[in-house]
Every structure is written in C-alpha cells, then in structure tokens.
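Structural characterization, general
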Amino acid sequence: MSSMRSVDDHLSDILNTVRVLAPLEVELERALGTTLAEEVTSPVPLPPFDNSAMDGYAVRAEDVADAPVTLPVIDDIAAGDGRLQAIGPGMVTRIMTGAPMPAGADAVVPVEWTDGGTVRVAIDRPARPGNAVRRSGEDVRAGDVVLPAGTSIGPAQLGVLAGVGRRRVLVRPRPRVVVISTGAELVEPGLPLGPGQIWESNSYTLIAAVREAGGDGYRAGIVTDDASRFLDQLDAQLLRADLVITSGGVSMGAYEPVKEALGPLGTVRFDRVAMQPGMPQGFGVVGEDDVPIFALPGNPVSSFVSFMLFVRPALRKMRGLPAGPTPTVRMVTTAALRSPDGKRSFLRGVLGPDGTVAPVLRQGSHQLAALASANALIVVPESVTELGEGADVEVIPL
Ligand SMILES: Nc1nc2c(c(=O)[nH]1)N[C@H]1C(S)=C(S)[C@@H](COP(=O)(O)OP(=O)(O)OC[C@H]3O[C@@H](n4cnc5c(N)ncnc54)[C@H](O)[C@@H]3O)O[C@H]1N2
Ligand code: MOO
Ligand SMILES: [Mg+2]
C-alpha cells in the first residue's frame, strides 16, 4: 500500500502551483467580491466643500451668542446650489443638509432651535462656531489613499470607489470555476431515479461553496464513467475556466474515469492524503494555460471538506488575498471523539453557547444530511485517536 501524504504538504503544493489572476479593468457594477489591484486615491477632498450637517440656518456664531435673537433671512440654500450669497453681520441664510456653507457663516442653527421663519427667524439658542458644519476634507484629503491594493471589495468599498468618482477599477477578478461531476449512477435532480441511481448533489454544493469563496461557479453537468468522454468535456470547459473541480472517480475502483484520464497526462498527481474524510485527492494543471484542477473524491462530505481545506485557500491566492491553512478557533467538545491513527479528522459538529462544540451523531462521508445539520468541522490531529468529553479542540466554523 502506498504511503500517505500529509494535509500540510498537499496544501503547500497547491498554493505553490496556483497563480494570482491577472488584473482586469471592470465597471463598478462588476467589482463586488473582487480584489483591488491598484491603489485608489481621491482626486478631491471629501467632503469637497464645507457644508451643513443639518437643515436650519447658516449664521455667524457671534450674532447668535446672545440668543434668543431675531435676524433677517437673506437667502435659501438647497443641496446642489452653486452660487451663494455671502452673509454679512446680523444676517442668516436658510440652509439644507449637504448644501454648501455661504461665505461669512461659521455655524448652523438647526431648524428645531428656531421658529422656522423664512423672512425673519427667531433663534432660541446660541450655536458655537463650527456647530453642524462638515468641513471640506474631514473624511478624505485630496490625494489620500482611500483603498490600498489588495482590498477586498464589499459594499462599503464599492461606495468609496463611486464616492471618489470612479466608474472603472483595476481588480483581480472573481475566479471562474467549472465543476464536472462524474459517475454513471448520477441523475439530475428533478428527473426520476432508476434502479441503482442517485440524484447528483456535489456540483450544487461545490458551486455554492465557490460562490461563497469569491468565485463564479459553472456546472458542466454529469459525465458518466468514461475517461475519453470526460477528457472531451474537460477540453470544452477549459475555454472558460480559471480553475476546474471534478468530483468522483479518483479512488481504487474498476471505473475511475478522472484518474484514468488525468493520470497519464503526467501533470496531475493522485495521492492518498492523511485525512478523514477526503483521503483520495488529485491535484495538478491541465491544458495549454496550465489551469489548476482539483480531482476531489466523490463522497459528498469528502468533496465538501476537501473544498474547504484545499480549494478555498487556492481561490484566495488566485484572488490576490493572503492564503494559507483554513483558520481554526478553539472550542471544548461536549462529547468524546474518535479518530483514525495517522489521519487528521474533520468531524462534523454543531457550535453551542459558551465555546462548546457537539459532534453530530452520523459521521459517515456519504451522510450529506448530517453535514447539513452541522456548522463546524472539529479538527482532530493525526496523532490523536481519542479525546474525552470536555477536551479542547480546534474547530473550523462553516
Ligand atoms: N477499495 C477502496 N475503496 C475505496 C477507497 C479505498 O481507499 N479503497 N476509498 C474510499 C474513499 S475514502 C472515498 S472518499 C471514495 C472516493 O471515491 P471516488 O472519488 O472514486 O468517487 P466515486 O467512486 O465516483 O463515488 C463515491 C461515492 O460518492 C457518490 N457520489 C459521487 N459523485 C457524486 C455526486 N456528484 N453527487 C452525489 N454523490 C456522488 C457515489 O455515488 C459513491 O457513493 O472511495 C472509497 N472507496
Ligand atoms: O476519504 Mo473518504 O473521504 O473517507 O470517504
Ligand atoms: Mg470510485
């Protein structure tokens, strides 16, 4: 029997092989979930001009220092108004939130402190200089870096890009990931099952996981257990793929199309990785552009766990983000655990209150519903075969 490879060695090989995707200029609408590939600065200060933080009256603070006072209203400034009348001593201007401060004014009295007059206004309370005024540049100065290269673009970052006037931006795009399922027993969900058949589920799980990991997944459908048909399908799919995931056909059976098809290429290695579930693994590159390919085991829990451990870090690297082993947190197990000697186990568990985790009862690598009832993977190291209730464990939240 061939020896097993460690989880860490397998992951380092993967991270040494995959490359950061080339930068691409995209419209803002397509930038969500991408990574900035340039440093973004603001061409103007933000706010670009001093403006009012409230609906009210722009005043000279010294004129309202002895409030209550009544003063003449000489103008009415809405947000967006460009030409303003300066105010002189003893005058005020009605002003709206976001409207530019007129020259001469140094404070805003909110409408709530007044009688709301439009010709003359009675002001009840004094306002200090600077009251309810938003100064030009108090968020960003002209030329400031608002987003460094390598920033993950979420809703707030998209807003900042628009807020500094950008329409297009240079990003590391979302990786395009094709998922090919193999197995003669697989039937599309929605179609009737024949004898010996099951509904295909791995591609749905994997594409959803790709999406959550910042990629765009495409289902290439089901290939039956035929190596040459698998290679044809792979060739066709490579056109649109930055990364390929296959499921099934990598173990020791008589019909293992993925291993049969990719093994002879010499660019994909098949290993037994010292983990449970997910022992049989293939990884390498295919096609003229050396597209990375993950040949994941077919058992549904095995393919999902393999994704979390190996594909997700690879996608992070491709997206230009820091990539390494999937982070864990420390928890306390509420029940005893068993794990095979020499393998790192990833047991399905449910996070409880107060830093506890409860292993689910069904831990088979085919028990997909048990996986769906869990929200964490409990990591048991290679050298540990048993842990008692109350033991500290590392956990990967899902
Ligand atoms: N003699 C041995 N047999 C097996 C070994 C071994 O070391 N020696 N390893 C076992 C382990 S561990 C795993 S994991 C599986 C890996 O199998 P394959 O990658 O070859 O996958 P298949 O044989 O095609 O399928 C396995 C299992 O998963 C179901 N499956 C496959 N694809 C899907 C899908 N897209 N949706 C839902 N379910 C799927 C399939 O029906 C099988 O039940 O090998 C063990 N055997
Ligand atoms: O490695 Mo397999 O993943 O145990 O089912
Ligand atoms: Mg098999």
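Residues numbered from 1 in each chain as written. Chains lettered and ligands numbered in written order. Predicted model: local features only at pLDDT ≥ 70, side-chain atom pairs only at ≥ 80, totals over all residues. Heavy atoms only, no water.

If you check an unreviewed UniProt entry, the chain appears there as Molybdopterin molybdenumtransferase from Streptosporangium longisporum. According to UniProt, the comment filed for the chain under the heading Pathway (unreviewed entry) is "Cofactor biosynthesis; molybdopterin biosynthesis." The Sequence similarities (unreviewed entry) field of the UniProt record for the chain holds the comment "Belongs to the MoeA family." (UniProt positions renumbered as here; feature names shortened; annotations may be inferred.)

**Quick notes on the coordination of the magnesium ion (ligand 3)**
At 2.5 to 2.6 Å from the magnesium ion (ligand 3) lie its protein donor atoms, namely Glu256 (OE) and Glu256 (OE). For Glu256, the position within the fold is in the loop between strand 17 (243–247) and helix 5 (257–262). (Donors = N, O, S within 2.8 Å, 3.2 Å for Na, K, Ca; no water. Helix = DSSP H or I, 4+ residues; strand = E, 2+ residues; numbered from the N terminus.)

**Quick word on the site of ligand 1**
In the vicinity of ligand 1, 22 residues are found, and the nearest of them are Glu185, Glu200, Val250, Glu256 and Gly298. Note that an oxygen atom of ligand 1 is positioned 3.2 Å from one of the backbone N or O atoms of Gly249. A distance of 2.9 Å is found between an oxygen atom of ligand 1 and a side-chain nitrogen or oxygen belonging to Glu256. For the shell around ligand 1, the secondary-structure elements that each account for two or more residues are strand 13 (176–182) and helix 6 (300–318). (Near = heavy atom within 4 Å. Polar contact = N/O pair within 3.5 Å; in protein donor to acceptor, adjacent residues only side chain to side chain.)

**Details of the site of ligand 2**
All residues adjacent to ligand 2 are Gln276, Pro277, Gly278, Met279, Pro280, Asn299, Ser302 and Ser365. For ligand 2, an oxygen atom lies 2.5 Å from a polar atom in the backbone of Gly278. Ser302 places a side-chain nitrogen or oxygen 2.5 Å from an oxygen atom of ligand 2. The residue inventory of the shell around ligand 2, partitioned by class, reads three nonpolar, five polar and no charged. (Nonpolar A, V, L, I, M, F, W, Y, C, P; charged D, E, K, R; others polar.)

**Considering the nonpolar core**
Grouped together as the largest cluster of nonpolar side chains are 36 residues, with contacts concentrated most on Ile245, Phe294, Phe307 and Phe310. When contributions to this core are tallied by element, the ones reaching two or more residues are helix 1 (7–17), strand 13, helix 3 (202–212), strand 17, strand 21 (291–296), helix 6 and strand 26 (376–380). Per element, the largest residue contribution to this core is eleven residues, and it comes from helix 6. Here this core spans two domains, and each of domain 1 (7–21 + 174–318) and domain 4 (329–397) adds at least three residues to it. Beyond its immediate chain neighbours, meaning those up to four positions away, Phe294 contacts Ile14, Leu243, Val244, Ile245, Thr246, Gly282, Phe283, Phe310, Val311 and Ala314. (Core = buried A, V, L, I, M, F, W, Y, C linked by side-chain atoms within 4.5 Å. Buried < 20%, exposed > 50% of the residue type's maximum accessible area, 1.4 Å probe, protein only. Domains from an automatic or database assignment. Contact = heavy atoms within 4.5 Å.)

**Comments concerning the packing of aromatic side chains**
Enumeration over the complete set of coordinates arrives at one aromatic pair. With centroids separated by 4.8 Å and ring planes inclined at 55°, the aromatic side chains of Phe283 and Phe294 adopt a geometry described as tilted. Taken together, the positions of Phe283 in strand 20 (residues 280–286) and Phe294 in strand 21 put the pair eleven residues apart, joining distant regions of the chain. Residue classification places Phe283 among the buried positions, given a relative accessible area of 2%. (Phe/Tyr/Trp six-rings, centres within 6.5 Å; stacked < 30°, edge-to-face > 60°.)

**Observations regarding the sheet that holds strand 13**
The sheet built from six strands is open, its strands ordered 16-13-17-21-20-18 with mixed pairing. Two strands in the sheet have a free side with no partner beyond their single neighbour: strand 16 (216–223) and strand 18 (268–272). Adjacent strand axes in the sheet meet at a mean angle of 15° when their direction is disregarded. In this structure, strand 17 lies alongside strand 21, joined through four bridges in parallel fashion. What sits directly across from Ile245, in strand 21, is Phe294. Lying over the sheet, helix 3 contacts strand 13, strand 16, strand 17 and strand 21, oriented at roughly 165° with respect to strand 16. Together, strand 13, strand 16, strand 17, strand 20 and strand 21 form the strand contacts of helix 4 (residues 227–238), whose direction differs from that of strand 13 by roughly 165°. (Pairing = 2+ DSSP bridges. Axes fitted to C-alpha atoms, helices over the stretch in contact; angles between N-to-C directions.)

**With respect to unusual backbone geometry**
Backbone torsion omega between Leu46 and Pro47 reads -10°, so that peptide bond is classified as cis. Relative to the assigned elements, Pro47 resides in the loop between strand 3 (40–41) and strand 4 (51–52). Here the bond from Ala67 into Pro68 is cis, since omega is 10°, no more than 30 degrees from zero. Mapping Pro68 onto the fold places it in the loop between strand 5 (56–59) and strand 6 (69–77). Phi is positive for Ala132, close to 55°, though the residue is something other than glycine. Looking at the element boundaries, Ala132 is found in the loop between strand 9 (120–123) and strand 10 (133–134).

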